[in-house]
Amino acid sequence: MQTEDEDEASCEEYVARSDFTGSSTDQLSFSRGDRLLVHAKPSSEWWWAELQGVIGYVPASYMSQDAAGEEEEDPSIEDPWQDEEYFGNYGTLRLHLEMLSDKSRTEAYRQVILSNSASLSSKRVMDLGCGTGIISLFCAQLARPSMVYAVEASSMAEYTRQLVKQNGYDEVVTVLQGRAEEIELPEQVDVLVSEWMGNCLLFEFMVESVLLARDRWLRDGGTIWPSSAALTFVPCQADSYYAEKMAFWERPYGLDFTPLQPLAQQEFFTKPKFSHIIEPCDCLAAPCDVISLDMYTLQVGDLEEMKGQFHFCVEKSGAFHGFTAWFTVCFESLEAGGATVELNTGPNSGPTHWKQTLFMLDRPVSVCAGDSISGTIVLQRNPVWRRHMTVTLHWTIKGSTDNPDNSQAGTKSFPMWR
């Protein structure tokens with residue numbers, strides 16, 4: 001029989017890199033600098049650890065081994081931006097095929113160029129993160145600006161040069177390979193355009209590169225596209241997803257598998273579900289914007305933590321399974337009085353490759369029309385892995401006068417992805 005001393009000796013001590021608030025009863029909450037004993041590593045993402053006699057799951061990416069009071073060097077942290085993997089993915093056609101096949105996305109950018117073609121004809125443009133160069137080619141084809149600097153950090157830049165030449169626009173479009181933080185232009189530009197948005201708007205944080213390029217290369221009074229962005233939230237039903245991942249374990253093949261439900265919750269509901277498609281009828285209330293970005297005034301430091309509030313009046317009774325998020329970006333016109341072009345990735349607009357993002361509660365809550373759901377959302381950037389973040393939700397449900405007993409509160413943190 002293993003003694004308590006032997007059991008403790010088999011554990012490894014780790015130090016918390018940053019604060020974490022557990023979102024379920026089997027997750028530990030801890031503060032930066034806390035020392036935890038890790039008992040087991042059942043997956044690469046979640047470990048079984050102990051803090052002050054309390055045991056629970058902790059996110060592995062928040063842990064760092066400590067020896068003699070100093071963090072152990074982790075070779076993987078030499079690249080906190082994960083550039084090799086990130087730009088490696090954009091050096092293949094898979095992602096570009098997905099983006100170019102997204103007609104809502106691509107046509108929105110085309111419409112921006114087309115509707116501003118007269119004003120663009122004498123402008124200098126930077127297309128940051130140009131990929132295959134589709135936006136740069138739209139500029140050259142539809143507006144003939146004086147110069148387009150197509151900037152791409154991945155190896156796709158080599159092929160973009162070929163595409164520019166193949167289409168006869170090499171006198172207008174100059175392809176530059178390199179990160180936004182490193183490239184050099186011969187002049188400042190009048191327009192900075194980029195398709196930088198990720199899941200839940202900010203994921204991957206390409207927006208930081210856009211802000212750095214704006215501060216360095218966009219002339220005073222220049223235009224940035226998109227000009228503004230907003231993250232939208234709505235409480236929702238997710239009956240089919242809940243049935244698929246959780247209710248399934250209640251009685252498969254006539255057997256009781258409910259002891260697996262806590263494991264299912266940990267595995268399927270701890271992180272947000274990307275590429276979710278919400279039907280308008282699954283929205284329990286009218287959606288609202290929780291975070292808004294002005295691309296002219298937003299600063300890199302603002303990205304470390306962004307907070308928003310929400311208040312929803314439930315319009316239909318049903319099971320409140322969680323929240324669904326999407327985003328909208330707007331492109332202001334260069335023309336006086338010109339129309340703004342909008343790209344909306346929500347359920348009432350054309351489908352996009354982003355689709356929507358679903359944040360599941362640990363268990364559904366029955367709500368009735370007239371109830372209110374209010375709270376806050378915090379997007380906190382990962383202090384180590386700079387393309388990742390954690391979304392923390394705090395919510396309170398208050399029953400209507402017809403349903404006064406339906407009042408409760410909750411909180412949950414969702415790592416995206418580390």
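An unreviewed UniProt entry lists the protein chain under the name Protein arginine N-methyltransferase 2, from Maylandia zebra. UniProt's Catalytic activity (unreviewed entry) comment on the protein chain is quoted here verbatim: "L-arginyl-[protein] + 2 S-adenosyl-L-methionine = N(omega),N(omega)-dimethyl-L-arginyl-[protein] + 2 S-adenosyl-L-homocysteine + 2 H(+)".

**So, the domain arrangement of the protein chain**
In terms of domains, the protein chain is made up of domain 1 (12-64), domain 2 (83-195) and domain 3 (229-416). Taken together, the contact between domain 1 and domain 3 spans 13 residues of the former and 14 residues of the latter. For the pair domain 1 and domain 3, the two sides together bury roughly 1,200 Å², of which 49% comes from carbon and sulfur. Counting across the domain 1 and domain 3 interface gives zero salt bridges. Residue classes in the side of domain 1 that touches domain 3 are distributed as four nonpolar, six polar and three charged.

**Observations concerning unusual backbone geometry**
In this structure, Pro226 follows Trp225 across a cis peptide bond, with omega equal to -5°. Relative to the elements of secondary structure, Pro226 occurs in the loop between β11 (218-225) and β12 (228-236). The omega torsion of the bond from Met416 to Trp417 falls at -20°, within 30 degrees of zero and hence cis. One non-glycine residue with positive phi stands out, namely Gln82, at about 55°. With respect to the helices and strands, Gln82 occurs in the loop between β6 (70-71) and α2 (83-90). Positive phi values are uncommon outside glycine, yet Lys355 reaches one of about 55°. By the secondary structure assignment, Lys355 is in the loop between β17 (341-344) and β18 (356-367). Taking the relative accessible area as the measure of exposure, Lys355 reaches 27% and is therefore partly exposed.

**As for the sheet that holds strand β21 (residues 408-416)**
As summarised here, the arrangement of the four strands in space is β15-β19-β20-β21, forming an open sheet in which the pairing is antiparallel. Each edge of the sheet is formed by a strand with only one pairing partner; in this case those strands are β15 (305-313) and β21. For this sheet, the mean angle separating the axes of adjacent strands, direction not counted, is 15°. Here strand β20 (residues 389-398) pairs with β21 via nine bridges, running antiparallel. Following the sheet pairing, Leu393 is matched in β21 by Lys412.

**So, the confidence of the model for the protein chain**
Keep in mind that low pLDDT regions are not for reading the predicted coordinates in detail. Considering every residue of the protein chain, the mean pLDDT works out to 92; 94% of them sit at 70 or more. Throughout residues 67-73 the model reports pLDDT below 50, and contacts reaching past four residues in sequence, or to other chains, amount to eight contacts.

**Concerning empty space enclosed by the protein**
One pass over the structure, following the stated rule, counts one cavity of 30 Å³ or more. Asn199, Cys200, Ala325, Trp326, Phe327, Thr345, Trp354, Lys355, Gln356 and Thr357 together form the lining of the largest cavity. Listed by contribution, the elements that provide at least two residues to the lining of the largest cavity are β16 (318-331) and β18. The leading source of residues in the lining of the largest cavity is β16, at three residues. Among the residues making up the lining of the largest cavity, the classes are represented as five nonpolar, four polar and one charged.

**Examining the sheet that holds β11**
The sheet built from five strands is open, its strands ordered β9-β8-β7-β10-β11 with parallel pairing. Each of the sheet's edge strands pairs with one partner strand only, and the pair in question is β9 (173-177) and β11. Ignoring which end each strand starts from, the neighbouring axes of this sheet average 20° apart. Note: strand β7 (residues 124-128) against strand β10 (residues 189-194), four bridges, orientation parallel. Within β10, the position partnered with Leu128 by the bridge is Ser194.

Reading the values: the criteria
- Residues numbered from 1 in each chain as written.
- Predicted model: local features only at pLDDT ≥ 70, side-chain atom pairs only at ≥ 80, totals over all residues.
- Heavy atoms only, no water.
- UniProt positions renumbered as here; feature names shortened; annotations may be inferred.
- Domains from an automatic or database assignment.
- Contact = heavy atoms within 4.5 Å.
- Buried area = accessible area lost by both parts, 1.4 Å probe.
- Salt bridge = Lys/Arg side-chain N within 4 Å of Asp/Glu carboxyl O.
- Nonpolar A, V, L, I, M, F, W, Y, C, P; charged D, E, K, R; others polar.
- Helix = DSSP H or I, 4+ residues; strand = E, 2+ residues; numbered from the N terminus.
- Buried < 20%, exposed > 50% of the residue type's maximum accessible area, 1.4 Å probe, protein only.
- Pairing = 2+ DSSP bridges.
- Axes fitted to C-alpha atoms, helices over the stretch in contact; angles between N-to-C directions.
- pLDDT = per-residue confidence, 0-100.
- 1 Å grid on protein atoms, 1.4 Å probe; cavity = no way out; pocket = protein on both sides within 12 Å on 5 of 7 lines; lining within 4 Å.
- Points joined across faces, edges and corners; volume = space filled by probe spheres on them.

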